[in-house]
Every structure is written in C-alpha cells, then in structure tokens.
Amino acid sequence: ETDGPGTINVVDSFEFASAVARRIDLNLHFHPDVRLRLMGAECLATRVGSCASLRISLDSDWAWQTFRGSDEPLLGWYSRGLGRKEPCATLRGTRSASGSHSVTTRFDFTTSDGGG
C-alpha cells in the first residue's frame, strides 16, 4: 500500500490455529552502510555520505530493538560471499499473539531537499 510518493505501508499477517499465545519476531535487515536510530515507535535509517533517509513508523504494541553484529541473539550480520561476514543493522520487533494478528509498518523515504 502507498500513501503517496515516497511512502510504503507493509502489512504482515500472522495466523495461528491454536489459541495459545506464541512469540512472533519480525526482523528487518539493512545494508552494512546503514545506521539505525530507534526512538520509541520510530526508527531512522541513514547512510553515511547520503542525503537520503528512511523513517520507519512501527507498531507500538511490539517491543523493538536494534542489533549490529550480535552473537546473542545471532542477528546483524551480512555476507558479500562465502566465508565473509560483516556487521549490519537489524531491526527486530517482538510480541506475543494468538489467533489472527497483523502489523503495519510505514516506510517514508526522504532526501535532504525534502523530496521523496
């Protein structure tokens, strides 16, 4: 879904046959040159030397964390080829849910001149 130029809404849906609550993890992985700044239910993704940025509006019912080159949990790694790895940014949302559940994440792309 889009709300206009430079904006994308992504809806992820989860369905469980059981009424037992289960943990859901939603991981968003970024290029190694991207840096994340988490501010409550928003995250800003920037790249050194770029005038572009990505503002990510997150569901406040989820617990959000950022990782970069983490061994526990094993998140925040990128491989350009076999046997090569380097740290990268990963944004993880976690929550418990049962039955049907969906989460909407909004991505707003901008440049320093304000355009999308």
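Scroll up a little and you will see the structure.
Criteria and cut-off values
- Residues numbered from 1 in each chain as written.
- Predicted model: local features only at pLDDT ≥ 70, side-chain atom pairs only at ≥ 80, totals over all residues.
- Heavy atoms only, no water.
- Helix = DSSP H or I, 4+ residues; strand = E, 2+ residues; numbered from the N terminus.
- Contact = heavy atoms within 4.5 Å.
- Areas by Shrake-Rupley, 256 points an atom, 1.4 Å probe, with all protein chains shown as cover.
- Pairing = 2+ DSSP bridges.
- Axes fitted to C-alpha atoms, helices over the stretch in contact; angles between N-to-C directions.
- Core = buried A, V, L, I, M, F, W, Y, C linked by side-chain atoms within 4.5 Å.
- Buried < 20%, exposed > 50% of the residue type's maximum accessible area, 1.4 Å probe, protein only.

Caption draft 1: Structural context of the overall build of the chain. The helix and strand tally for the chain stands at zero helices and twelve strands. When the helices and strands of the chain are read in sequence order from the N terminus, they spell out β-β-β-β-β-β-β-β-β-β-β-β. Expressed as lengths along the three principal axes of its C-alpha atoms, the size of the chain is roughly 50 × 40 × 25 Å. Partitioning the intrachain contacts of the chain with sequence separation of at least 6 by distance along the chain shows that 64% fall at a separation of at least 24. Here the chain has roughly 7100 Å² of accessible surface; of this, 49% comes from carbon and sulfur atoms.

Caption draft 2: Local environment of the pairing of strand E12 (residues 100–111). Of the pairings in the sheet, the one linking strand E1 (residues 7–15) to E12 comprises nine bridges and is antiparallel in character. What sits directly across from Thr7, in E12, is Asp108. Bridge count for strand E5 (residues 52–57) against E12 is six bridges, and the pairing is antiparallel. Within E12, the position partnered with Ser57 by the bridge is Arg106.

Caption draft 3: Structural detail: the sheet that holds E5. With antiparallel pairing, five strands are arranged side by side in an open sheet as E1-E12-E5-E4-E3. The sheet terminates laterally at E1 and strand E3 (34–39), the two strands that pair on one side only. Ignoring which end each strand starts from, the neighbouring axes of this sheet average 20 degrees apart. Note: strand E4 (residues 42–47) against E5, five bridges, orientation antiparallel. In the sheet register, Ala45 faces E5, and the bridge partner there is Leu54.

Caption draft 4: Here's a closer look at the nonpolar core. Residues Phe30, Leu54, Ile56, Leu58, Trp62, Trp64 and Leu91 are the most contacted members of the largest nonpolar core, which totals 18 residues. Of all the elements in the fold, those that place two or more residues in this core are strand E2 (22–29), E4, E5, strand E11 (89–97) and E12. Setting aside anything within four residues of it in sequence, one finds Phe30 in contact with Leu36, Ala45, Leu54, Ile56, Cys88, Ala89 and Leu91.

Caption draft 5: Main features of the environment of Asp61. Positionally, Asp61 belongs in the loop between E5 and strand E6 (63–68). Owing to a relative accessible area of 56%, Asp61 belongs among the exposed residues under this scheme. Expressed as a C-alpha distance, the spacing of Asp61 and Arg47, which sit 14 residues apart in the sequence, is 28 Å.

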